[in-house]
Amino acid sequence: LKNNCEYQQIDPQALPTPTPAPPPHHGNDRDKREEPKRPRRKWQVFPGKNRFYCDGRIMVARQSGVLPLTLGLIVITSGLFFIFDCPFLVKHLTSCIPVIGGGLFVFVVITLLQTSLTDPGILPRATPDEAADIEKQIDNTGNASYRPPPRTKEVLINQQVVKLKYCFSCKMFRPPRTSHCSLCDNCVERFDHHCPWVGNCVGKRNYRFFYTFIVSLSFLTAFIFGCVTTHLALSTKNTPGSNMELVICFFSVWSILGLSGFHTYLVASNLTTNEDIKGSWSGKSGEGVTNPYSHKNIFINCCSVLCAPMPPSLIDRRGFLPTDESVQTAGAGIGLAAKSEINVVGGSSQPASGLQESPSPVPVPPHSHQNSSSV
Amino acid sequence: MAETHSLQDMRQQAAVAAKVFIQRDYTKGTVCQFQTKFPSELETRIDKQQFEETVQTLNNLYAEAEKLGSQSYVEGCLACLTAYTIFLCMETHYEKVLKKIAKYIQEQNDKIYAPRGLLLTDPIERGLRVIEVTIFEDRSLTR
């Protein structure tokens, strides 16, 4: 009897439990309609290998390199200086010494953090519409299964022929002086180099911070070196702290002074490390090749590199992504293409959700200047 | 999403027929300038001179943003002395001009381009690489 009742009570429209009903489709539809309308910020779908903190306010490269080491060395050496040398020097010389040292130390740390945590001038990747438009303009004779030969475009800049390369990751022709950093997987404007000491690329937006950092660090290192030598010369006691400072400063002062000198030369001739190392304008590749970006005047070059108006960050990391609704109303293919920075992220093999956590297969060799440029 | 009836929302209801991209002009170096060449796809929609005037005004505004003058030198030196911390509190000269540019584009869209079924996208939203001109289907044409 009970069985009969059950059979009669079965609702023909109800899904019978044994048959595999398609729950994913239903689930998705319901999810779309009930989706909480909390908009996401653009940094959450950023295609490069950067990490973001404080809801997109602070950004660092994927590998922080030896930034903790740099910071540690500076803090420890300065700390030892204040603890061991300052009391003696204040007593025997002048009390200005800790003031100058303190000022330099603060300046160095601030500019270091500015260099590491600022967007170096990352170019956002081309939207699918742009990429399609560029493809149309290039005569594409190859099929899609293999990578076609590198595409270049020649432009005339101040009467100098410059070749612009096509970036396969970012799907656009790189502007002049822009290079793709393979460690950060970003195209960076006025790319200088990727500095592991600072844990970030050095490019258009943070070059002045970097330059100020190394110059002030030279002063700080030289200052501490001088003070420690004075201390050891005037005093009969040899404190272990002073000895350690002496060793650290001795080895670092030459390299940092050398680096500062090199970058001063670059600033005065409006060159980047990348261009200098490749010899782009030194005449190796041809005759009559001069730097088209130089203003031919040292003072103007320095001012244009260090005192030019600060360019804005182009990646708008704290901006909100357009919500999915606008994608659906604007029409199928074209609408999706127009708003699909969310869906099709750079066309590279990295998934949109796990970008910040993607494993980095490339180990970072400890060079002081990394020239990372991919195809 | 609230029904704002703004220009952008209305445009999203219309179908996009095509997009034209005005590329950068690098003949003067890395300063931000756009090519003033009139694209052929817009010939039926807008007057060539009008369009070139818009692009030329944008070019002038971007040149103003990046101009090296005594004001920028003073700002740069002052910023250096404060270890660039003033950039955290102050709006930079470039940002002020970008706001002007956004207002200009909005104005041009409202007055000139929207009535013709076109929409200019602010280049800053495309990383200062292109000026994107969206061409909407002309509803007045009935077949």
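You'll find chain B entered in an unreviewed UniProt entry as Golgin subfamily A member 7, with Sander lucioperca given as the organism. In its Sequence similarities (unreviewed entry) section, UniProt records this for chain B: "Belongs to the ERF4 family." Database annotation for chain B, UniProt heading Function (unreviewed entry): "May be involved in protein transport from Golgi to cell surface. The ZDHHC9-GOLGA7 complex is a palmitoyltransferase specific for HRAS and NRAS."

By the naming in an unreviewed UniProt entry, chain A is Palmitoyltransferase, taken from Sander lucioperca. Recorded under Subcellular location (unreviewed entry), the UniProt text for chain A is reproduced unchanged: "Membrane". We quote the UniProt Sequence similarities (unreviewed entry) comment for chain A here in full: "Belongs to the DHHC palmitoyltransferase family."

Caption draft 1: Quick peek at the overall build of chain B. Of the regular secondary structure elements, chain B holds 5 helices and 3 strands. Overall, chain B shows an N-to-C arrangement of helices and strands of α-β-α-α-α-α-β-β. Residues classed as buried in chain B amount to 48% of the 143 residues present. Partitioning the contacts of chain B with sequence separation of at least 6, the portion at a separation of at least 24 is 61%. When the accessible surface of chain B is totalled, it reaches about 7,900 Å², and 52% of it is carbon and sulfur.

Caption draft 2: Up close: the packing of helix H2 (residues 48-65) of chain B against helix H5 (residues 93-113) of chain B. All names here are of chain B. Taken N-terminus to C-terminus, the directions of H2 and H5 make an angle of 170°; their axes are 9 Å apart at the nearest point. As judged from the angle between their axes, H2 and H5 are roughly antiparallel. Here Gln-50, Phe-51, Glu-53, Thr-54, Thr-57, Leu-58, Leu-61, Tyr-62, Glu-64 and Ala-65 of H2 lie close against H5, whose contacting residues are His-93, Tyr-94, Val-97, Leu-98, Lys-100, Ile-101, Tyr-104, Ile-105, Gln-108, Ile-112 and Tyr-113. Residues that form the contact of H2 with H5 fall into these classes: 13 nonpolar, 5 polar and 3 charged.

Caption draft 3: Highlighting the sheet that holds strand E1 (residues 16-22) of chain B. Residue and element names in this part refer to chain B. Spatial strand order, E1-E3-E2: 3 strands in an open sheet with antiparallel pairing. Both outer strands of the open sheet, E1 and strand E2 (118-121), are each paired with one neighbouring strand and no more. For this sheet, the mean inter-axis angle between neighbouring strands, taken without regard to orientation, is 20°. Sheet analysis places E2 next to strand E3 (residues 131-136), joined by 4 bridges and oriented antiparallel. Note that in E3 the partner of Thr-121 across the bridge is Glu-132.

Caption draft 4: Up close: the state of the cysteines. Under the counting rule described, the total for this entry stands at 0 disulfides over all chains. A disulfide-free cysteine, A:Cys201 has its sulfur positioned 3.4 Å from the sulfur of A:Cys181, the nearest such atom.

Caption draft 5: Highlighting the UniProt feature "domain: Golgin subfamily A member 7/ERF4" (unreviewed entry) in chain B. Those places that UniProt annotates as "domain: Golgin subfamily A member 7/ERF4" (unreviewed entry) correspond, in this numbering, to residues 20-132 of chain B. Here residues 20-132 of chain B runs as 49% helix and 8% strand, with 6 Å between its end C-alpha atoms.

Caption draft 6: Focus on the environment of B:Thr27. In this fold, B:Thr27 is placed in the loop between E1 and H2. Accessibility expressed as a relative area gives 40% for B:Thr27, which makes it partly exposed. B:Thr27 has contacts with A:Leu156, A:Ile157 and A:Asn158, leaving out every residue within four places of it along the chain. Side-chain polar atoms of B:Thr27 contact the side chain of B:Asp25, separated by 3.0 Å.

Caption draft 7: Structural context of helix H9 (residues 298-306) of chain A. All of the buried residues along H9(A) are A:Asn301, A:Cys303, A:Ser304, A:Val305 and A:Leu306. Against helix H6 (207-234) and helix H7 (240-268) of chain A together with helix H3 (70-81) of chain B lie the buried residues of H9(A). Measuring from the backbone nitrogen of A:Phe299 back to the side-chain oxygen at the start of H9(A) gives 2.9 Å, which picks out A:Asn297 as the cap.

Caption draft 8: Focus on the sheet that holds strand E3 (residues 122-123) of chain A. Residue and element names in this part refer to chain A. The 3 strands are arranged E3-E8-E7 in an open sheet whose pairing can be described as antiparallel. Looking at strand neighbours, the two that pair on one side only are E3 and strand E7 (179-181), the edges of this open sheet. Of the pairings in the sheet, the one linking E3 to strand E8 (residues 186-188) comprises 2 bridges and is antiparallel in character. Its bridge partner lying in E8, Leu-123 is registered against Cys-187.

Caption draft 9: Quick peek at the pairing of strand E1 (residues 50-53) of chain A. All names here are of chain A. Of the two faces of E1, the one holding Asn-50 and Phe-52 is buried and the one holding Arg-51 and Tyr-53 is not buried anywhere. Where E1 lies against strand E2 (residues 58-61), 4 bridges are found, and the strand directions are antiparallel. Its bridge partner being in E2, Asn-50 is matched across the sheet by Ala-61. Two successive antiparallel strands, E1 and E2, enclose a turn made up of 4 residues, where Cys-54 displays a positive phi of approximately 55°.

Parameters and conventions
- Residues numbered from 1 in each chain as written.
- Chains lettered and ligands numbered in written order.
- Predicted model: local features only at pLDDT ≥ 70, side-chain atom pairs only at ≥ 80, totals over all residues.
- Heavy atoms only, no water.
- UniProt positions renumbered as here; feature names shortened; annotations may be inferred.
- Helix = DSSP H or I, 4+ residues; strand = E, 2+ residues; numbered from the N terminus.
- Buried < 20%, exposed > 50% of the residue type's maximum accessible area, 1.4 Å probe, protein only.
- Contact = heavy atoms within 4.5 Å.
- Areas by Shrake-Rupley, 256 points an atom, 1.4 Å probe, with all protein chains shown as cover.
- Axes fitted to C-alpha atoms, helices over the stretch in contact; angles between N-to-C directions.
- Parallel < 35°, antiparallel > 145°, perpendicular 65-115°, else oblique.
- Nonpolar A, V, L, I, M, F, W, Y, C, P; charged D, E, K, R; others polar.
- Pairing = 2+ DSSP bridges.
- Disulfide = S-S within 2.5 Å.
- Polar contact = N/O pair within 3.5 Å; in protein donor to acceptor, adjacent residues only side chain to side chain.

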